[in-house]
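In case you want the letters, here they are:
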Amino acid sequence: MTPVPHQSTAPPAADADEQQPRSPLRLRLRPQAPATGYVDGAWWPRSHDLTTELPALLAVLNVRLGEIPRVNYHLSDWDTAPRRIAADGIRVRLDGFRTRPAHTVDLIASDRRRLTLLLVPPDTSSSAAHEAMMRAAHRDNTDTVADLFSSTALQTRAPQPRE
């Protein structure tokens, strides 16, 4: 009797490697130092499509954190995303929550180090986005996400219905 390979009925992980944006990444990080405050920097993606935006971010942050196999995000900030994507040959688990702070993305490295980034909405004006990113990445910043939004004229996105 010849063994039959296992056939999974689950959809394969989305392959986001070929979808990386060609534009420069809009990211500001705090200098590496002991963690203080609510965020470690800010990211201003160009769309609400997490599978399109995330590979470029992971590639850049790989230098600081190493392999990043897990990303937590708030469900209302993004369009529907798969549970896993492949980015630079790494399978990345995407966990959407409603209990996580809105307008943040948590990137969790293999060694459990974590970066929490303020998520600047894609349709934000350049001046408001720049101000929010600079404040979020300032070494001594201890503003909450709500403080960063209210003081820099960032707009929140209306919650999106889940499919």
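Keep in mind that what you see is a predicted model, and the values were worked out from it rather than measured.

Looking only at helices and strands, one finds three helices and eight strands in the chain. When the helices and strands of the chain are listed from N to C terminus, the series reads β-β-β-α-β-β-β-β-β-α-α. Accessible area for the chain stands at about 9,300 Å²; split by element, carbon and sulfur atoms hold 51% of it.

Moving on to the side chain of Thr116. Mapped onto the secondary structure, Thr116 falls in strand β8 (residues 114–119). Judged by relative accessible area, which is 13%, Thr116 ranks as buried. Among the polar contacts made by the side chain of Thr116, one reaches the side chain of Asp106 at a distance of 2.6 Å.

Attention shifts here to the pattern of salt bridges. Any two side chains of opposite charge can pair, on the condition that their charged atoms come close. For the coordinates displayed, the defined rule picks out seven salt bridges. The closest approach of N and O atoms between Arg83 and Asp95, which form a salt bridge, is 3.5 Å. In this pair, Arg83 sits in the loop between β4 (70–74) and β5 (84–87) while Asp95 sits in strand β6 (residues 90–97), placing the two residues twelve residues apart along the sequence. Of the residues examined, Asp95 reaches a relative accessible area of 2% and is grouped as buried. Here Arg93 ties to Asp95 by a salt bridge, and the two come within 3.0 Å at their closest N and O atoms. In this structure Arg93 comes out as partly exposed when scored by relative accessible area, which is 34%.

With respect to burial, β8 is a largely interior element, five of its six residues being buried. By the bridge criterion, two bridges tie strand β3 (residues 41–43) to β8 in an arrangement that is parallel. Across the sheet, Trp43 pairs through a bridge with Leu119, a residue of β8. Relative to β8, strand β7 (residues 104–108) runs antiparallel, the two sharing five bridges. Within β8, the residue paired with Val105 across the bridge is Leu117.

Turning to the nonpolar core, a few remarks are in order. One finds Trp43, Leu54, Val71, Leu94 and Leu107 to be the most contacted residues of the largest nonpolar core, which totals 24 residues. Elements with a minimum of two residues in this core: α1 (50–65), β4, β5, β6, β7 and β8. Ranked by residues supplied to this core, first place goes to α1 with six residues. Leave out the neighbours within four places in its chain, and Leu94 touches Leu50, Leu54, Val71, Tyr73, Ala81, Pro82, Arg83, Arg84 and Ile85.

Time to look at the confidence of the model for the chain. Averaged over all residues, the pLDDT of the chain is 82; the fraction at 70 or higher stands at 79%. Between residues 1–21, whose pLDDT stays under 50, and residues either more than four places distant or in other chains, the model counts 25 contacts.

Cut-offs applied
Along each chain, numbering runs from 1 in the same order as the chain's sequence is written. Selection of residues for local features in this predicted model requires a pLDDT of at least 70, selection of side-chain atom pairs for listing and counting requires 80 or more, and totals for whole chains, interfaces and linings are taken over all residues. To get the side-chain values, all heavy atoms of the structure are used, and hydrogens and water are removed first. Counting from the N terminus, the helices are DSSP H or I runs at least four residues long and the strands are E runs at least two residues long. Reported accessibility uses the Shrake-Rupley method at a 1.4 Å probe radius. Residues are deemed covered only where the shown protein chains occlude them. Partly exposed describes any residue whose relative accessible area lies between the buried limit of under 20% and the exposed limit of over 50%, with all areas from a 1.4 Å probe on protein chains only and scaled to the type maximum. Polar contacts, as used here, are pairs of N or O atoms within 3.5 Å; protein pairs need one atom able to donate a hydrogen and one able to accept it. Residues neighboring in sequence count only if both atoms are side-chain atoms. Each salt bridge in this description consists of a side-chain nitrogen of Lys or Arg and a carboxyl oxygen of Asp or Glu lying within 4 Å of one another. One bridge is not enough; two strands pair if DSSP finds at least two bridges between them. Remark: nonpolar core denotes a set of buried residues (Ala, Val, Leu, Ile, Met, Phe, Trp, Tyr, Cys) joined through side-chain atoms within 4.5 Å. Here a residue-residue contact requires only that any non-hydrogen atoms of the pair lie within 4.5 Å. Per residue, pLDDT measures the predictor's confidence, with a range of 0 to 100.

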